[in-house]
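# Chains, contacts and geometry: an overview
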Amino acid sequence: MSGRTLTGVAARLEARIPHTESFTSELRGPRTAARVGVWLGVALSVAFVTGLYSHASQLATPPVALPTAPARLYQVTQGLHVAAGTAAVPLLLVKLWSVFPRLFVRPPRPGRELALHLLERISIALLVGAAIFQLVTGLANSAQWYPWSFGFVGAHYALAWVAAGSLVVHIAVKLPIIRRALSEPVDDVAAASPGSTGPVAPTRRTLLRATWLSAAVAVVATTAAELPGLRRVAVLAVRSGEGPQGIPVNRSAVGAGVADQLDDPAWRLRVIGPASTLELSLDDLRAMDQRTAVLPIACVEGWSASGQWSGVPVRDLAALVGAGSGEAVVVRSMQSRGAWRESRLPANFVQHPDSLLALTLAGQPLDPDHGYPCRLIAPARPGVLQTKWVHELEVVPA
Ligand SMILES: Nc1nc2c(c(=O)[nH]1)N[C@H]1C(S)=C(S)[C@@H](COP(=O)(O)O)O[C@H]1N2
Ligand SMILES: [Mo]
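Being a predicted model, the structure only gives us computed values, none of them experimental.

## Some words on helix α7 (residues 204-223)
One turn of an α-helix holds 3.6 residues; hence residues three or four places apart share an orientation. Compared with an ideal rise of 1.5 Å per residue, which puts 20 residues at 28 Å, α7 spans 29 Å between its outermost C-alpha atoms and is within 8% of the ideal. Those residues of α7 not exposed but buried are Arg204, Leu207, Leu208, Thr211, Ala215, Ala218, Ala221 and Thr222. Looking straight down α7, one finds that the buried residues subtend no more than 160° of arc, so they occupy a single side. Seen from the open side of α7, the exposed residues pointing more than 90 degrees away from its buried face are Arg209 and Leu213. Summarising the contacts, the buried residues of α7 are in contact with α2 (30-58) and α3 (73-99).

## Observations regarding the side chain of Glu392
Structurally, Glu392 can be placed in strand β10 (residues 390-397). Among the polar contacts made by the side chain of Glu392, one reaches the side chain of Arg270 at a distance of 2.3 Å. Side-chain polar atoms of Glu392 contact the side chain of Arg332, separated by 2.6 Å. Residues in contact with Glu392, not counting those within four places in the same chain, are Leu269, Arg270, Ile272, Val330, Val331 and Arg332.

## Remarks on unusual backbone geometry
Of note, the bond from Ala69 into Pro70 is cis; its omega dihedral lies within 30 degrees of zero at -5°. Structurally, the position occupied by Pro70 is in the loop between α2 and α3. In this model, Ala362 sits at a positive phi of 55°, which is unusual for a non-glycine residue. With respect to the helices, strands and loops of the structure, Ala362 is situated in the loop between β7 (356-361) and β8 (364-365).

## Things to note about the pairing of strand β1 (residues 269-272)
With four bridges joining them, β1 and strand β2 (residues 277-280) adopt antiparallel strand pairing. Bridge assignment links Leu269 to a residue of β2, and that residue is Leu280. If you look at the hairpin formed by β1 and β2, you'll find four residues sitting between the two strands. Relative to β10, β1 runs parallel, the two being bridged by three bridges. Note that in β10 the partner of Arg270 across the bridge is Glu392.

## A look at the sheet that holds strand β6 (residues 342-345)
Spatially, the five strands line up as an open sheet ordered β2-β1-β10-β5-β6, and their pairing is mixed. If you trace the sheet from one side to the other, it starts and ends with β2 and β6, each paired once. Mean inter-strand twist for the sheet, computed between neighbouring axes without regard to direction, equals 15°. Direction of pairing for strand β5 (residues 327-333) relative to β10: antiparallel, over a ladder of seven bridges. Paired with Ser333 across the two strands is Val390, which belongs to β10.

## Concerning the site of ligand 1
Near ligand 1 lie 20 residues; those nearest to it are Pro248, Gln335, His370, Arg375 and Lys388. Here Gln386 contributes a backbone N or O atom positioned 3.0 Å from a nitrogen atom of ligand 1. Against a free-state accessible area of 540 Å², the protein chains account for coverage of 100% of ligand 1. Here the residues of the shell around ligand 1 sort into nine nonpolar, seven polar and four charged.

## A look at the environment of Pro373
Assignment of secondary structure puts Pro373 in the loop between β8 and β9 (375-377). When the C-alpha positions of Pro373 and Leu27 are compared, they lie 61 Å apart, and in sequence the two are 346 residues distant.

Reading the values: the criteria
- Residues numbered from 1 in each chain as written.
- Chains lettered and ligands numbered in written order.
- Predicted model: local features only at pLDDT ≥ 70, side-chain atom pairs only at ≥ 80, totals over all residues.
- Heavy atoms only, no water.
- Helix = DSSP H or I, 4+ residues; strand = E, 2+ residues; numbered from the N terminus.
- Expected span 1.5 Å × (residues − 1).
- Buried < 20%, exposed > 50% of the residue type's maximum accessible area, 1.4 Å probe, protein only.
- Arc of directions from axis to C-beta.
- Contact = heavy atoms within 4.5 Å.
- Polar contact = N/O pair within 3.5 Å; in protein donor to acceptor, adjacent residues only side chain to side chain.
- Pairing = 2+ DSSP bridges.
- Axes fitted to C-alpha atoms, helices over the stretch in contact; angles between N-to-C directions.
- Near = heavy atom within 4 Å.
- Areas by Shrake-Rupley, 256 points an atom, 1.4 Å probe, with all protein chains shown as cover.
- Nonpolar A, V, L, I, M, F, W, Y, C, P; charged D, E, K, R; others polar.

What follows is the structure, encoded as structure tokens:
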């Protein structure tokens, strides 16, 4: 191809790409973008902070001792995480729509200007890419749908830092525009003047109201499952409170491959400690002092449900084998495969009297799907660490 034809092709392409000015809607632009951006920033910040907390809760050894109270702490933070992420979806869509014409700004001539322009574009590409990745993977995860081959936790965590970093840069760069846009009225007075004739175009205020409404609907639809009477409107909540003994089931006994071991009369709980190792039958456990606590199962995927659990405090079992007060306990399931067959109860959680090796739920022996013959249930802890079908406890140094 000759140089001339190339220039011709480029010119024709250039003519087809719209210009920033080709977009004429008055609804787009900084005044919409800044207002939606503020709430998008709030939603992403809430998701980021609660996400860091959730991540720390799931580390084998958290960097600092995490609080064991209130019992609903993780339920609330993870509910906020999922609600904020879901609310961010309509906010992000409107935000992208409002600044979309900026995509077609022609780059300045080579030089310092161009370098700055490219830097700004790259940081926005990172921010938009990371935000979309986080919202899509987060929503898919809460639907328990994994249409990808990478590890969700690692990728979602890493991209959270990319999103947070590029968000800070973006806000810093745009601050002058944001401040000006927020100081201006949402709509020009003329647009809203009642005396004007002709068809009434939607105003920016209408667009913003519709946006807030969508975000609010998203929040209610993800969180209402826990509120009495509102369960039916929680259409986006994956679990709606159904399941044996009133609590949803994440992984069933059949799914975990333990169903045929549950009624084995030879079942014993092994408790391994610094001083001794014990083997306790179900009757031995039933004969110990029982404690009852109302505690939620709060799954990382966003659903949660409270139950009345009874069983033996883990610290009593640990004390039987010579544990002091500063040791952690590793909890192992009879499940032979899967990431959640084992969890570690940090020392401060072991000491909490409501950290139970539960034998009953709502006064009945555990349903096979809830972890019969016994399961771990502890306050302020992600559902994923509430190990079911327990057969071994080991006291380990903190
Ligand atoms: N052994 C074992 N324990 C487990 C799981 C599992 O797959 N295997 N799933 C965990 C997850 S992710 C959650 S949310 C809770 C759910 O408990 P439930 O099914 O009794 O509601 O159990 C946890 N305990
Ligand atoms: Mo879970």
